[in-house]
Amino acid sequence: QFLFYGGTVYAAVGYVAVITGSAQLAYAASWIGGTAAAYGGLYWAARMVGLSRPWAQVPAITYVSSAYFLTNIYARGAWTEFIATSFLILAAACAMRHFKAAPVPLLARFGLTLSVALVVGSHLLTVVWGTTMAMLILAITVPWWRAAAVAPHGPGCVRPAARRSVRSGCAPWPARCPAPGRW
């Protein structure tokens, strides 16, 4: 199992255990780091889509206190799945930052590299399904988000971007799309 499932994460925590001299400290630090990655990734993504600082806390707190997240920690002990799902969120936030206007900060590049390495090296099911869902979500939201970032700020700037997003998402079924003047 070590060679094919979670080898990167086991090795990384093993190195931390050797450096600190405590396997328990390294293991606990990995749980704390995963929680921080999930919280920070959701907070960062919420800030990038325009939520204020207090409101950006809501999705992050909701996720790290959700039943699935806490069950992986306390009931199932699914450590590699926990690491993968936590760092997948950070990877998605870093990818969102790459889609924004240039230049991309070094921290976002490093975060994307580290989080992708940890996701790919920890839990293969999360890699397959999580990456598929993340790309689907990004493909749906990025056109709207880019248009909203470029559009002038004001009360009417979100509607045209939302229209473009809905039209691009509904293109194969034009009869189901709302008429342009009926928003």
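Scroll up to find the structure this text is about.
This text gives an overview of the structure that appears in the document. Bear in mind the structure is a predicted one, so any value in this text is a computation, not a measurement.

Scoring rules and cut-offs
- Residues numbered from 1 in each chain as written.
- Predicted model: local features only at pLDDT ≥ 70, side-chain atom pairs only at ≥ 80, totals over all residues.
- Heavy atoms only, no water.
- Helix = DSSP H or I, 4+ residues; strand = E, 2+ residues; numbered from the N terminus.
- Contact = heavy atoms within 4.5 Å.
- Areas by Shrake-Rupley, 256 points an atom, 1.4 Å probe, with all protein chains shown as cover.
- Salt bridge = Lys/Arg side-chain N within 4 Å of Asp/Glu carboxyl O.
- Buried < 20%, exposed > 50% of the residue type's maximum accessible area, 1.4 Å probe, protein only.
- Patch = residues over 30% accessible without salt bridge, like charges linked within 9 Å, V, L, I, M, F, W, Y side chains within 5 Å.
- Expected span 1.5 Å × (residues − 1).
- Arc of directions from axis to C-beta.

## Overview of the overall build of the protein chain
When its secondary structure is counted, the protein chain shows eight helices and zero strands. From first element to last, N terminus to C terminus, the protein chain shows the α and β order α-α-α-α-α-α-α-α. Put simply, 58% of the contacts in the protein chain that link residues at least 6 apart link residues at least 24 apart. Split by element, the accessible area of the protein chain, about 11300 Å² in all, is 72% carbon and sulfur.

## What about the pattern of salt bridges?
For the coordinates displayed, the defined rule picks out one salt bridge. Residue R76 pairs with E81 through a salt bridge whose shortest N-O separation is 2.9 Å. A residue is classified by how much of its surface remains accessible, and R76, at 48% relative accessible area, is partly exposed. Note on E81: relative accessible area 10%, which makes it buried.

## Focus: a nonpolar patch on the surface
A cluster of nonpolar residues, V49, L51, W55 and V58, forms a patch on the protein surface that exposes about 370 Å² of accessible area. Its location among the elements puts W55 in helix α3 (residues 53-64). Given the relative accessible area of 57%, W55 is considered exposed.

## Remarks on the side chain of E81
Structurally, E81 is set in helix α5 (residues 79-99). Look past the residues within four positions of E81 in its chain and what remains in contact with it is Y68, N72, R76, H123 and T126.

## With respect to the side chain of T80
Here T80 is to be found in helix α5. In contact with T80, other than residues within four places in its own chain, are Y5, G6, Y10, S122 and H123.

## Some thoughts on α3
For α3, spanning twelve residues, the distance from its first C-alpha to its last is 17 Å, which sits close to the expected 16 Å at 1.5 Å a residue. Of the residues making up α3, those classed as buried are A56, A60, Y63 and V64. For α3, the arc enclosing every buried residue in end-on projection is 95°, short of the 170-degree limit, so these residues lie on one face. The outward face of α3, more than 90 degrees from its buried face, is lined by the exposed residues P54 and W55. On its buried side, α3 packs onto α2 (23-48), α4 (67-75) and α5.

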